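Chain and residue survey
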Amino acid sequence: MAATMRAASAVSARATAQPAKLGAARVHKAASFGNAVVARRAQRPVRFAGVARAAAGGVDADTGIKKMREGVKEAADENLLTPRFYTTDFDEMEQLFSSEINPNLDQAELVSILQEFREDFNQKHFVRNDSFKTAADGITGESRRIFIEFLERSCTAEFSGFLLYKELGRRLKKTAPVVAEIFTLMSRDEARHAGFLNKAMSDFGLALDLGFLTKNRQYTFFKPKFIIYATYLSEKIGYWRYISIYRHLQENPDDQLYPIFQYFENWCQDENRHGDFFTACLKARPEFVNTWEAKLWVRFFSLSVYVTMYLNDHSREEFYGSIGLNTTQFNMHVIHQTNKTTAAIFPQVIDTYNPKFQEHLDKLVVINAALAKATSPLEKAPLIAGFASNLLTLAAMAPIDSGSIDLAEDVNSPAFMY
């Protein structure tokens, strides 16, 4: 679920390091950060991080990947596009889910959502078999390295969701018990996903030390309403990514490189249920979707996640090619479908069918690749300027008012698609 929040903090580029603890509810007061700040980096004390790296277990002979110790991969270096861990203002979050303060909360809907989570439809779904290790042993060379990177990014993102949801479940237990239990059960799902992915990494001989990451990774602060926007988008785009890969591989079984993809159909329903909960949260706060400011924010977060996914996936085209996917076609399909889904709650959506939208995404891919190779500030300056220019052009594109298609005056209008 971290993809969207990572995207927003990456595009905003307003993060700064500050000592904090994930569990410190009163450390992060929104007023102390200012309304203009979307996110700030909240870095936990890095205890013995240097020692851990100094005592690293060398390099994996098959892939060249650095090891923290034998059987444990050294976590990828953090940058603007890597999965992040998040924290928020828990006091403000309590107010968000207080029936006294927020009379728009539909308690009946929340109870219904809770009952669905209690059913735990995937309790017995994530059961491994011998085919996992056999398939992993058959993936060699560069494909093996790329596959491990895919599993690591996915595992870190799911584990990020577990940490955030678990803390929210603990904090809201007294003031909003129904919502607290929903968060706790969502953390159960995310932990199950992360564990399944990490076990898959162990098939390749390089798992993550998730306990070490919990204590030593930097945490990014988001205000509660941004948490709601970002997690909603993250869960919904996660659904479309998982189900699209699953359907492709069902139609093309020869591309089924590794059995984890066979689990994506049920897996993606967890993401969908999580997204439906955040839809209820957004409906309970009309000011989060109906004001002019809200329209800007939802477009900002949507654009952030679309751009970041596009850049990340195009920098790893070999992986998608290994399972028979065209990266650009896959990304645009996921973006279009996610955009249509968000139109059910967001008042405006990005016009992703405008040819200029993909045109500027492709330009960002080219610039991003050049930036990765640039070594001097002189080389980077014009590239950064070009990157910013394309981002601003995308942000300035006319949005589409979403809602019932009955309101569309012309069936050829982009609004009809939503």
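As a starting point, this report considers the structure included with it. (Residues numbered from 1 in each chain as written. Predicted model: local features only at pLDDT ≥ 70, side-chain atom pairs only at ≥ 80, totals over all residues. Heavy atoms only, no water.)

Considerations on the overall build of the protein
Our working rule: Segments assigned H or I by DSSP are reported as helices when at least four residues long, segments assigned E as strands when at least two residues long, and all are numbered from the N terminus. Using a 1.4 Å probe on the protein chains alone, a residue whose accessible area is under 20% of its type maximum counts as buried, one over 50% counts as exposed, and one in between counts as partly exposed. Residue contacts follow a heavy-atom distance rule, with two residues in contact if any of their heavy atoms lie within 4.5 Å. Using a 1.4 Å probe, accessible areas were evaluated by the Shrake-Rupley method; residue-level cover was limited to the displayed protein chains.
Secondary structure assignment for the protein yields 16 helices and seven strands. A buried classification covers 55% of the 418 residues belonging to the protein. Put simply, 81% of the contacts in the protein that link residues at least 6 apart link residues at least 24 apart. As presented, the protein carries roughly 18,300 Å² of accessible surface, and 53% of it is formed by carbon and sulfur atoms.

Overview of the nonpolar core
The condition that has to hold: The term nonpolar core refers to a set of buried residues drawn from Ala, Val, Leu, Ile, Met, Phe, Trp, Tyr and Cys, joined through side-chain atoms within 4.5 Å.
Ranked by size, the top nonpolar core spans 69 residues in total, and within it Leu151, Tyr258, Ile260, Phe261, Trp267 and Phe357 carry the most contacts. In terms of residue count, helix α7 (residues 141-171) provides more of this core than any other element does, nine residues in total. Leave out the neighbours within four places in its chain, and Phe261 touches Phe147, Phe150, Ile245, Tyr246, Leu249, Gln256, Phe319 and Ile323. Residues Phe90, Leu164, Ile227 and Leu282 belong to the second largest nonpolar core, which totals 46 residues.

A few points about unusual backbone geometry
Look at Asp120: it is not a glycine, yet its phi comes out positive at around 50 degrees. Examined against the element boundaries, Asp120 turns out to sit in the loop between α5 (107-119) and α6 (131-137). Judged by its relative accessible area of 13%, Asp120 falls in the buried class.

Details of the pattern of salt bridges
Note the following rule: When a carboxyl oxygen of Asp or Glu lies within 4 Å of a side-chain nitrogen of Lys or Arg, that pair is called a salt bridge.
On inspection of all chains with the given rule, the structure shows 21 salt bridges. Linking Asp203 and Arg128 is a salt bridge whose minimum nitrogen-to-oxygen distance equals 2.7 Å. Taken together, the residues Asp203 in helix α8 (residues 177-203) and Arg128 in the loop between α5 and α6 connect sequence positions 75 residues apart. Between Glu149 and Arg145 there is a salt bridge, and its shortest N-O distance comes to 2.5 Å.

Focus on empty space enclosed by the protein
Note the threshold: Lining residues are defined by having an atom within 4 Å of a point belonging to a cavity or pocket. Those points lie on a 1 Å grid over the protein atoms alone, cavities being sets where a 1.4 Å probe fits but cannot get out and pockets being open sets with protein on both sides within 12 Å along at least five of seven lines. Grid points are joined across faces, edges and corners, and a volume is the space filled by probe spheres set on the points. Three classes are used: nonpolar for Ala, Val, Leu, Ile, Met, Phe, Trp, Tyr, Cys and Pro, charged for Asp, Glu, Lys and Arg, and polar for all others, with Gly counted as polar.
Counted by the stated rule, this structure contains three cavities of 30 Å³ or more. In this structure, the second largest cavity spans a volume of roughly 40 Å³. Taken together, Glu116, Phe117, Asp120, Phe121, Asn122, Arg188, Asp189, Arg192, Asp270 and Arg273 make up the lining of the second largest cavity. Looking at the lining of the second largest cavity, the elements with two or more residues in it are α5, α8 and α11 (264-283). Broken down by element, the lining of the second largest cavity gets its largest block of residues, three residues, from α8. Of the residues that constitute the lining of the second largest cavity, the class distribution is two nonpolar, one polar and seven charged.

Considerations on the layout of surface pockets
Looking at the largest pocket, its volume works out to about 1,100 Å³. What lines the largest pocket is a set of 42 residues, among which Asn79, Leu80, Leu81, Asn312 and Asn368 lie closest to the centre. Among the elements of the structure, α1 (2-12), α7, α12 (292-314), α15 (355-373) and α16 (377-396) are those that each provide at least two residues to the lining of the largest pocket. By residue number, the principal contributor to the lining of the largest pocket is α15, which donates six residues. Here the residues of the lining of the largest pocket are counted per class, giving 20 nonpolar, 10 polar and 12 charged.

Looking at the packing of α12 against α15
The test is simple: Helix axes are fitted to C-alpha atoms over the stretch in contact, other axes to C-alpha atoms as well, and angles between N-to-C directions run from 0 to 180 degrees. Here the word oblique covers every angle except those under 35 degrees (roughly parallel), over 145 (roughly antiparallel) and from 65 to 115 (roughly perpendicular). By definition, any crossing whose near helix is turned counterclockwise from its far helix by less than a right angle is left-handed, and any crossing with a clockwise turn is right-handed.
At a closest axis distance of 10 Å, the pairing of α12 and α15 adopts a crossing angle of 50 degrees. Relative to α15, the element α12 is oriented oblique. Regarding α12 and α15, the two cross each other, and that crossing is right-handed. The residues of α15 that touch α12, namely those facing Leu303, Tyr306, Val307, Tyr310, Leu311 and His314, are Phe357, Gln358, Leu361, Asp362, Leu364, Val365 and Asn368.

Concerning the pairing of strand β5 (residues 218-222)
We count it as follows: Each pair of strands is called paired provided DSSP finds at least two bridges between the two strands.
Among the five residues in β5, four count as buried, and that is most of the element. Taken together, the three bridges between strand β4 (residues 85-87) and β5 define a ladder with parallel strand orientation. Pairing of Tyr86 across the sheet is with Thr220, part of β5.

Comments concerning the packing of aromatic side chains
Definition in use: Paired rings are identified among Phe, Tyr and Trp, the last through its six-membered ring, by centres lying within 6.5 Å, and are further divided according to the angle between planes into stacked (under 30 degrees), edge-to-face (over 60) and tilted (the rest). Cation placement over rings: the criterion is NZ of Lys or CZ of Arg within 6 Å of the ring centroid and within 35° of the ring normal.
Throughout the structure, instances matching the rule amount to 44 aromatic pairs. Ring centres of Phe97 and Phe277 lie 6.4 Å apart, and the angle between their planes is 15 degrees; this geometry places the pair in the stacked category. With Phe97 in the loop between α4 (90-96) and α5 and Phe277 in helix α11, this residue pair connects regions lying 180 residues apart in the sequence. The exposure class assigned to Phe97 is buried, which follows from its relative accessible area of 4%. For the ring pair Phe150 and Phe261, a centre distance of 6.2 Å and an interplane angle of 35 degrees mean the geometry is tilted. Of this pair, Phe150 sits in helix α7 while Phe261 sits in the loop between α10 (224-251) and α11, placing them 111 residues apart in sequence. Assessed through its relative accessible area of 12%, Phe150 is described here as buried. For Phe261, a relative accessible area of 1% corresponds to the buried category. If you follow Arg128 out to its NZ or CZ, it ends over the ring of Phe132, 4.7 Å from the centre.

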